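Here are the chains, one letter per residue:
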Amino acid sequence: MGRRVAIVGAGVSGLAAIRSCLEEGLEPICFERSDDVGGLWKFSERVEEGRASIYPSVFANSSKEMMCFPDFPYPEDFPVFMHNRKLQEYITSFAREKGLLKHIQFETLVSSISKRPDFSTTGQWDVETEKNGKKESAVFDAVMICSGHHVYPNLPKDSFPGLEHFGGQCFHSREYKDPGLWRGKRVLVIGLGNSGSDIAIELSRMAEKVVISSRSGSWVLSRVWDDGYPWDMVFITRFQTFLKNSLPTAISDWWYMKQMNSKFKHENYGLMPLNGALRKEPVFNDDLPAHILCGRVSIKPNVKKFTETSAIFEDGTVFEAIDCVIFATGYSNAYPFLDDSIIKSRNNEVTLYKGIFPPQLEKSTLAVIGLVQSLGAAIPTTDLQARWATRVIKGTCSLPSRKDMMSDIDEKMGKKLKWFGKSETIQTDYIVYMDELASFIGVKPSIPWLFLTDPRLAVEVFFGPCSPYQFRLVGPGKWPGARNAILTQWDRTLKPTRTRAVGEMRKPSLPTQLFKCLALPLLLLSVFLAWV
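Computed from a prediction, not measured in an experiment: that's the story for all the values here.

Q: An account of the overall build of the protein chain is requested, with residue identities and associated values reported.
A: For the protein chain, the count of helices and strands is 17 helices and 20 strands. When its C-alpha atoms are laid out on the principal axes, the protein chain stretches across 65 × 60 × 55 Å. For the protein chain, the residues scored as buried account for 52% of the 532 residues in total. Counting only contacts in the protein chain whose residues sit at least 6 apart along the sequence, the fraction spanning at least 24 positions is 68%. Working note: accessible area of the protein chain is about 23,600 Å², and carbon and sulfur atoms make up 51% of it. Taken as two groups, the 65 positive and 59 negative side-chain charges of the protein chain have centres that lie 4 Å from each other.

Q: Residues and numbers for the sheet that holds strand 3 (residues 104-105), please.
A: If you trace the five strands from one edge of the open sheet to the other, you get 3-2-1-7-20, paired in parallel fashion. Two strands lie at the open edges of the sheet, namely strand 3 and strand 20 (366-368), each paired on one side alone. Its contacts with the sheet put helix 1 (residues 12-23) on strand 1 (4-8), strand 2 (27-31), strand 3 and strand 7 (142-145), and the angle it makes with strand 1 is roughly 170°. Along the sheet, helix 10 (residues 378-394) makes contact with strand 1, strand 7 and strand 20, crossing strand 7 at roughly 165°.

Q: How would you summarise the pairing of strand 5 (residues 125-131) if you had to cite specific residues and measurements?
A: Two elements, strand 4 (residues 109-115) and strand 5, share six bridges in a ladder whose sense is antiparallel. Looking across to strand 5, one finds that Leu109 is bridged to Glu130. Note that strand 5 and strand 6 (residues 134-140) share seven bridges and pair antiparallel. The partner of Asp126 across the bridge, within strand 6, is Val139. From the end of strand 5 to the start of strand 6, which pair antiparallel, there are two residues, and Asn132 there has a positive phi angle of about 55°.

Q: Go over the pattern of salt bridges with me, naming the residues and quoting the values.
A: Side-chain pairs of opposite charge can arise where the charged atoms are in close proximity. Counted according to the given criterion, the structure contains 28 salt bridges. The shortest N-O distance in the salt bridge between Glu23 and Arg19 comes to 3.8 Å. Of the two residues, Glu23 and Arg19 are both situated in helix 1; the distance of four residues between them amounts to about one turn of the helix. Its salt-bridge partner being Lys507, residue Asp491 comes within 2.8 Å of it at the nearest N-O pair. Note that Asp491 is positioned in helix 16 (residues 489-494) and Lys507 in the loop between helix 16 and helix 17 (510-531), a separation of 16 residues in sequence.

Q: Break down the sheet that holds strand 9 (residues 169-172) for me, with residues and values.
A: On the basis of which strands lie adjacent, the open sheet formed by five strands has the order 9-18-10-11-14 and parallel pairing. Of all the strands in the sheet, the pair left with one neighbour each is strand 9 and strand 14 (297-300). When strand polarity is set aside, the average angle formed by the axes of neighbouring strands in this sheet is 20°. Running at roughly 170° to strand 11 (residues 209-213), helix 4 (residues 194-204) makes contact with strand 10 (186-190), strand 11, strand 14 and strand 18 (324-327) of the sheet.

Q: Residues and numbers for the packing of helix 6 (residues 238-246) against helix 12 (residues 430-441), please.
A: Two numbers describe how helix 6 lies on helix 12: the axes approach to 9 Å, and their chain directions differ by 105°. Relative to helix 12, helix 6 is oriented roughly perpendicular. Each of Arg238, Thr241 and Asn245 in helix 6 lies in contact with helix 12, whose residues at this interface are Ile431, Val432 and Asp435. In terms of residue class, the contact of helix 6 with helix 12 is made up of two nonpolar, two polar and two charged.

Q: Give me the lowdown on unusual backbone geometry, citing residues and values where you can.
A: The backbone phi angle of Asp227 is positive, close to 60°, even though this residue is not glycine. Structurally, Asp227 is set in the loop between strand 12 (220-221) and helix 5 (231-235). A positive phi angle, close to 55°, is found at Ala321, a residue other than glycine. One can find Ala321 in the loop between strand 17 (318-319) and strand 18.

Q: Outline the environment of Gly193, supporting the account with residue identities and numerical values.
A: With respect to the helices and strands, the residue Gly193 is situated in the loop between strand 10 and helix 4. On the accessibility criterion, Gly193 (27% relative accessible area) is partly exposed. Each C-alpha atom of the pair Gly193 and Met82 lies 19 Å from the other, and the pair is 111 residues apart in sequence.

Q: So what about the side chain of Asp141? Which residues, and what values?
A: Structurally, Asp141 can be placed in the loop between strand 6 and strand 7. For the buried residue Asp141, which engages in no salt bridge, the nearest side chain bearing the opposite charge is Arg3, 4.6 Å off. Among the polar contacts made by the side chain of Asp141, one reaches the main-chain amide nitrogen of Arg4 at a distance of 2.9 Å. In this structure the side chain of Asp141 is engaged in a polar contact, spanning 2.9 Å, whose partner is the side chain of Gln124. Contact partners of Asp141, with chain neighbours within four places excluded, come to Arg3, Arg4, Gly123, Gln124, Trp125 and Thr365.

Q: Quick one: what's the story with the domain arrangement of the protein chain, residue by residue and with numbers?
A: We note that the domain assignment places domain 1 (4-151 + 332-400) and domain 2 (155-222 + 263-329) within the protein chain. Here the C-alpha centroids of domain 1 and domain 2 sit 32 Å apart. Residue-level contacts link 18 residues of domain 1 with twelve residues of domain 2. Taking both partners together, domain 1 and domain 2 bury about 1,100 Å²; carbon and sulfur atoms supply 46% of that area. The largest per-residue losses of area from domain 1 upon contact with domain 2 belong to Val47, Tyr55 and Asn61, which jointly make up 49% of the total buried on that side. Summed over the shared surface of domain 1 and domain 2, the result is zero salt bridges. Linking domain 1 to domain 2 there are ten residue pairs in polar contact (both at pLDDT 80 or more).

Q: Kindly report on the packing of helix 10 against helix 12, identifying the contributing residues and their values.
A: Between two packed helices, the angle of one axis relative to the other and the distance separating the axes together describe the packing. Where helix 10 meets helix 12, the axes come as close as 9 Å, and the angle between the chain directions of the two elements is 30°. The pairing of helix 10 with helix 12 is recorded here as roughly parallel in orientation. Crossing angle aside, the handedness with which helix 10 passes helix 12 is left-handed. Note on element contacts: helix 12 touches helix 10 through Tyr430, Tyr433, Met434, Leu437, Ala438, Phe440 and Ile441, opposite Pro380, Thr381, Leu384, Gln385, Arg387, Trp388 and Arg391.

Q: So what about the nonpolar core? Which residues, and what values?
A: Core analysis: the biggest nonpolar cluster contains 120 residues, and Tyr90, Met144 and Trp388 have the highest contact counts within it. Both domain 1 (4-151 + 332-400) and domain 2 (155-222 + 263-329) contribute no fewer than three residues apiece to this core. In this structure, Met144 is in contact with Val5, Ala6, Ile7, Val8, Ala17, Cys21, Ala367, Ile369, Ala386, Ala389, Thr390 and Ile393, ignoring residues within four places of it in sequence. Among the nonpolar cores identified, the runner-up in size contains 22 residues, and Val110, Val127, Val143 and Ile342 belong to it.

Calculation notes
- Residue positions are counted from 1 within each chain, in the order its sequence is given.
- Side-chain atom pairs in this predicted model are given and counted only at pLDDT of 80 or more, local residue features only at pLDDT of at least 70, and totals for whole chains, interfaces and linings cover all residues.
- Side-chain numbers come from the whole structure's heavy atoms, not from hydrogens or water.
- Going along the chain from the N terminus, every DSSP run of H or I of four or more residues is numbered as a helix, and every run of E of two or more is numbered as a strand.
- Only protein chains enter the accessibility calculation, which uses a 1.4 Å probe; a residue is then buried when its area is under 20% of its type maximum, exposed when over 50%, and partly exposed in between.
- Note on contacts: a residue pair qualifies if any of its non-hydrogen atoms lie within 4.5 Å across the two residues.
- Surface exposure here means Shrake-Rupley accessible area, sampled with a 1.4 Å probe, where a residue is shielded only by the protein chains that are shown.
- For the purpose of counting charges, residues Lys and Arg are taken to be positive, whereas Asp and Glu are taken to be negative. His and the chain ends are not included.
- Throughout, a charge is located at the NZ atom of Lys, the CZ atom of Arg, the CG atom of Asp or the CD atom of Glu.
- A pair of strands is considered paired only if DSSP assigns at least 2 bridges between the two.
- Angular values range over 0 to 180 degrees, each being the angle between N-to-C directions of two axes fitted as lines to C-alpha atoms, with helices fitted over their stretch in contact.
- Basic side-chain nitrogens of Lys or Arg form a salt bridge, by our definition, when they fall within 4 Å of a carboxyl oxygen of Asp or Glu.
- Note on angle classes: values under 35 degrees are labelled roughly parallel, values over 145 roughly antiparallel, values of 65 to 115 roughly perpendicular, and the remainder oblique.
- In the scheme used here, Gly and all other residues not listed as nonpolar or charged are polar, with Ala, Val, Leu, Ile, Met, Phe, Trp, Tyr, Cys and Pro taken as nonpolar and Asp, Glu, Lys and Arg as charged.
- Pairing of N or O atoms within 3.5 Å defines a polar contact, subject to two protein rules: one partner must be a possible hydrogen donor and the other a possible acceptor, and residues neighboring in sequence count only if both atoms are side-chain atoms.
- Start and end points for every domain follow an automatic or database-based domain assignment.
- Two parts placed together each lose some accessible area under a 1.4 Å probe, and the buried area is that loss summed for both.
- For a crossing to be left-handed, the near helix must be turned anticlockwise from the far one by less than a right angle; the clockwise case is right-handed.
- Residues grouped as a nonpolar core are buried Ala, Val, Leu, Ile, Met, Phe, Trp, Tyr and Cys residues, joined through side-chain atoms within 4.5 Å.

Laid out in structure tokens, this is it:
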């Protein structure tokens, strides 16, 4: 084996890192503080310090064909959107199939990672760990941090005057497990993200009254998209990305809002984002609009202040006799085992080149995997991040100068302000980001070349879902089964839904898809050009 790489965490990011190290001839040693792989997706009845925590009813928001490891499709009988137990089953199968488990030290806490005195020449790190009360220290040639960003809850109690006088229960959504505890109670959920909306819907079936307080609103989408197909297999395509990034901003924004409002008018439900044109991460909840219509859930603006028993909202309305306040307010990025200056090198913001490498290090031997967030699924993103990172660590790929990396970070900050409204956000444009990483290691598919050599595949790659298999078609790590996986992805998607077969299997029609995508934008563009 080659250089020794310490990997922190055995969730999907850590497993991707282990596998990529093995592919590049590096020696991975992964430290996992729990007793199993899976990270976020490993459900536990109790909340454990330093680990992500989910509630029993969590389902994936990405469909199975869009969230797999690129050379390891899900079994065809797995449901399209999986419950956390099913996803954990897949993750465990992947780890076993790829021989990753023997590289993991379970129940081992990483307590400290620091540069060695000769770091500027060797790039090496001192890694301190603890297991069963016994501490150890070892030297590693590189470190890959794969501990995720759903561990340390953001609990902004100081932002809500009077909360210290509130007499009911108050906790972060990370601690939520059992809806039965709140039967007949009155519950306020603060935050309109995926967790907040899921918890509110689940509680509304038992609680007396559930209210969601949202500061800025959200787009709420259904997993079931046009004609009943999975949302991401229709929405996340190279063709749509090309159109949205090529059209004039006014038309692109209009089209985006039109798509977000395709199922229902968000302003009628109190959900409309304050700035609807921003590509804020949407909420995926199939039940929220119906529950609002049925009066089981109410949407309110931000809380102005609390009293001992009530919440007063910014519009002057009051929610009285509250039994519980659940903060679904997200998480903070924290790495307690690492000096903050390494990751947060400017204005206390996470400063990473391509969301992976700290630009100020003398040697590029530390990588953060899984920190970026997009409309795309986490598993293929972390897989591609790890593949590039290990090639940089090995020396096969090189990074630009610190100056060029900082310039790129500043440029991306400007784009994030335009697209997402926040410079510190970890959001990014999925296909653009994936293609960028893929180009660094020579695995980005060439669409023109595909049209010349394999038109059938080219049509599916460009107009169909941008599924993970596309990034194992060519180059280092090429998977011989990638082409067939792309051409059969709709078969695996539709099979588990056809438990009562009625007629033939109906896959998406390319002419219909093109018409839906092109008609309105082209009409508006022609009007715009004529007016100009």
